[in-house]
Amino acid sequence: MKEKKVLFVASVLGHITAFHTPYLKMFKENNWKTYVFAKKTVNSINKLEFCDKFYDEQIERNPLSIINIKEIKKLKNIIDIFEGRVKKFIKTLDFSGIL
């Protein structure tokens with residue numbers, strides 16, 4: 001049976017800790033691997049629970065930001081890894097400690 005995985009994405013981690021912790025907990029209780037992709041904020045990292053892997057990434061609120069284009073590429077690479085579509089050369093991420 002294929003391992004179940006869920007990825008939560010937000011511009012700031014505080015959004016995840018404020019609104020999505022119950023969902024992270026529910027997924028963990030049902031044996032899902034949980035991942036979060038967001039910008040770490042000072043107070044929010046200590047409140048993050050029920051997360052197997054946290055990606056501290058710079059995401060801007062403006063969807064047309066150049067930074068977001070780079071981050072979307074990183075996000076796509078992460079999803080490709082989740083789906084087993086690992087490419088030979090991926091230069092945008094450090095994969096040490098993933099899965």
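Residues numbered from 1 in each chain as written. Predicted model: local features only at pLDDT ≥ 70, side-chain atom pairs only at ≥ 80, totals over all residues. Heavy atoms only, no water.

Section: the overall build of the protein chain
Check the secondary structure of the protein chain and you find three helices and three strands. Counting every position in the protein chain, which comprises 99 residues, the buried fraction comes to 33%. Counting every atom, the protein chain has about 6,900 Å² of accessible surface; 56% of that belongs to carbon and sulfur. (Helix = DSSP H or I, 4+ residues; strand = E, 2+ residues; numbered from the N terminus. Buried < 20%, exposed > 50% of the residue type's maximum accessible area, 1.4 Å probe, protein only. Areas by Shrake-Rupley, 256 points an atom, 1.4 Å probe, with all protein chains shown as cover.)

A word on the layout of surface pockets
To locate leftover empty space, one rolls a probe as large as a water molecule over the atoms. The calculated volume of the largest pocket comes to roughly 150 Å³. If you list the elements that add at least two residues to the lining of the largest pocket, you get β1 (5-12) and α3 (66-82). Split by residue class, the lining of the largest pocket holds seven nonpolar, two polar and three charged. (1 Å grid on protein atoms, 1.4 Å probe; cavity = no way out; pocket = protein on both sides within 12 Å on 5 of 7 lines; lining within 4 Å. Points joined across faces, edges and corners; volume = space filled by probe spheres on them. Nonpolar A, V, L, I, M, F, W, Y, C, P; charged D, E, K, R; others polar.)

Brief notes about the confidence of the model for the protein chain
Averaged over the protein chain, the pLDDT score is 81; the fraction of residues at 70 or greater is 84%. Across the protein chain, helix α2 (residues 21-29) holds the top mean pLDDT of 95, while α3 sits lowest at 86. (pLDDT = per-residue confidence, 0-100.)

Structural notes on unusual backbone geometry
The phi dihedral of Asn-31 is positive, around 65 degrees, even though this residue is not glycine. Along the chain, Asn-31 falls in the loop between α2 and β2 (33-39). Look at Asn-31 and you get exposed, because its relative accessible area is 68%. A positive phi angle, close to 60 degrees, is found at Phe-50, a residue other than glycine. Within the secondary structure layout, Phe-50 lies in the loop between β2 and β3 (53-56).

Describing the environment of Asn-62
Tracing the chain through its elements places Asn-62 in the loop between β3 and α3. The spatial distance from the C-alpha of Asn-62 to the C-alpha of Ser-11 is 9.7 Å, given a sequence separation of 51 residues. A polar side-chain atom of Asn-62 sits 2.9 Å from the main-chain amide nitrogen of Leu-64. (Polar contact = N/O pair within 3.5 Å; in protein donor to acceptor, adjacent residues only side chain to side chain.)

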